[in-house]
Amino acid sequence: MYLLEAVELSKVYGREGRWFTPDIQKVAAVNHLSLRLKPHENLGLVGGSGSGKSTLARLLLGLERPSSGRVLYQGTDFTDWSLSKMRRIRGKLQVVFQNSPASFNPLFTVEQIIGEPLRNYGMGNAGARRDRVAETLELVGLEGRYMYRYPHELSGGQQQRIGIARAIALRPELIICDEPFSSLDASLRRQMMNLLQELKAQLGLAYIFITHDLSVVSRFCDRAAVMHQGQIVEEQTGGGLMKQAVHPYTQKLIASVPVQDPRLRKSDDRN
Ligand SMILES: Nc1ncnc2c1ncn2[C@@H]1O[C@H](COP(=O)(O)OP(=O)(O)OP(=O)(O)O)[C@@H](O)[C@H]1O
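Residues numbered from 1 in each chain as written. Predicted model: local features only at pLDDT ≥ 70, side-chain atom pairs only at ≥ 80, totals over all residues.

A. Main features of the overall build of the chain. Looking only at helices and strands, the chain has nine helices and ten strands in total. Taking 271 residues into account, the globule formula puts the C-alpha radius of gyration at 18 Å, and the chain, at 20 Å, falls close to it. Buried positions account for 36% of the 271 residues belonging to the chain. Here the contacts in the chain between residues at least 6 apart in sequence split such that 66% fall between residues at least 24 apart. (Helix = DSSP H or I, 4+ residues; strand = E, 2+ residues; numbered from the N terminus. Rg over C-alpha atoms; globule rule 2.2 N^0.38 Å. Buried ≥ 20, exposed ≤ 12 C-beta atoms within 10 Å, placed from the backbone. Contact = placed C-beta atoms within 7 Å.)

Here it is, written out as structure tokens:
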């Protein structure tokens, strides 16, 4: 069974026109898109700005309703579920946004930050929640004593670890990573990507990486999907994306992205 399926998914936004174009303009951010994700799979989702990646992520997470089409989690169609019904599966589908530490409440301790989803979803009593926070800190490589710190008392790397800890507190099955580390330097980015891979092995996670960094797709993804104008225009294996891309849009995308590792370039195969 698939972990997550999108069937003919569309999201159309209406945008108010200006005085010179008074009609409402429609934007099909996601346009009849179908996608399947297996348990434990890593999918890389790439595409230019405005191609619909973040909108697709919100639809897959049930944070927004599609204009048409269906979304299924483990075969269960949750497209029309109410917010309260969504709570049953919300914990299973998590997201790490770009610079997630920016969303921490500065007045919360680490324990409160990681414990927030546990409280929101009514997990156990205070003692059980504290145990879960301690276990989760350990999973992201931080000692229990960090529970009592405030965000400003942590290094950038530690803050990123807390952002990841918050996402795994409810032990999800899928994490959508929407450009989570794009503002970090290369060394920290590598550390965080390695941590995500360790967590995958320990917790059996699947990931969708929304990224402009094609080396992330080559290194960490089983599959790659290329989005353009709300549709998937090409699918490849993660490793094959840079080398076998056939769609002209994908080739344009590859050409426009600086590649840190030149071995990933197609032309270098000939050398
Ligand atoms: N809430 C909204 N209301 C109106 N239009 C929207 C809304 N959200 C997204 N759009 C439009 O939908 C299209 C897709 O946007 P989206 O943010 O999903 O793209 P993206 O691929 O994630 O872009 P980026 O890489 O720049 O984040 C864009 O044209 C955007 O302007």
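Now that the structure is up, let's keep going.
B. Expanded view of the sheet that holds strand β8 (residues 206–210). Taken in spatial order, the six strands make up an open sheet running β6-β7-β8-β3-β9-β10, and their pairing is mixed. Two strands lie at the open edges of the sheet, namely β6 (93–96) and β10 (231–237), each paired on one side alone. Within the sheet, the average angular offset between the axes of one strand and its neighbour, ignoring direction, is 20°. In terms of strand pairing, strand β7 (residues 174–178) meets β8 through five bridges, oriented parallel. (Pairing = 2+ DSSP bridges. Axes fitted to C-alpha atoms, helices over the stretch in contact; angles between N-to-C directions.)

C. Region of the structure containing the domain arrangement of the chain. Looking at the assigned domains, one finds that the chain contains domain 1 (4–92 + 172–270) and domain 2 (102–171). Here domain 1 and domain 2 have C-alpha centroids that lie 26 Å from each other. Counting from both sides, the interface comprises twelve residues of domain 1 and, opposite them, 13 residues of domain 2. Per-class residue counts for the side of domain 1 that touches domain 2 are eight nonpolar, three polar and one charged. (Domains from an automatic or database assignment. Nonpolar A, V, L, I, M, F, W, Y, C, P; charged D, E, K, R; others polar.)

D. Spotlight on the nonpolar core. Grouped together as the largest cluster of nonpolar side chains are 65 residues, with contacts concentrated most on Leu-60, Ile-175, Ile-176 and Phe-209. Split by domain, the residues of this core number at least three in each of domain 1 (4–92 + 172–270) and domain 2 (102–171). Not counting residues up to four positions away in its chain, the partners in contact with Leu-60 are Leu-4, Ala-6, Val-71 and Ile-176. (Core = buried A, V, L, I, M, F, W, Y, C linked by C-beta atoms within 7 Å.)

E. Inspection of the site of the ligand at higher detail. If you check the shell around the ligand, you find twelve residues, and the closest are Tyr-13, Ala-29, Ser-49, Ser-54 and Thr-55. For the shell around the ligand, the elements supplying multiple residues, two or more each, are β1 (4–15), β2 (25–37) and α1 (53–60). By residue number, the principal contributor to the shell around the ligand is α1, which donates three residues. Looking at the shell around the ligand residue by residue, the class counts come to three nonpolar, seven polar and two charged. (Near = placed C-beta within 6 Å.)

F. Main features of unusual backbone geometry. Positive phi outside glycine occurs at His-40, with the angle close to 65°. Turning to its location among the elements, His-40 is positioned in the loop between β2 and β3 (42–47). In this model, Gln-74 sits at a positive phi of 45°, which is unusual for a non-glycine residue. Here Gln-74 is to be found in the loop between β4 (68–73) and β5 (76–77). With 14 C-beta atoms packed within 10 Å, Gln-74 lands in the partly exposed category.

G. Here's a closer look at the packing of helix α5 (residues 156–168) against helix α6 (residues 186–203). The contact between α5 and α6 brings their axes to 11 Å, and the two run at 30°. As the angle between them shows, α5 and α6 are arranged roughly parallel. The two elements α5 and α6 cross, and the hand of that crossing is right-handed. Residue-level contacts link Gly-156, Gly-157, Gln-160, Arg-161, Ile-164 and Ile-168 of α5 to Leu-188, Gln-191, Met-192, Leu-195, Leu-199 and Leu-203 of α6. When the residues that make up the contact of α5 with α6 are grouped by side-chain class, the tally is seven nonpolar, four polar and one charged. (Parallel < 35°, antiparallel > 145°, perpendicular 65-115°, else oblique. Left-handed = near helix turned anticlockwise from the far one by under 90°.)

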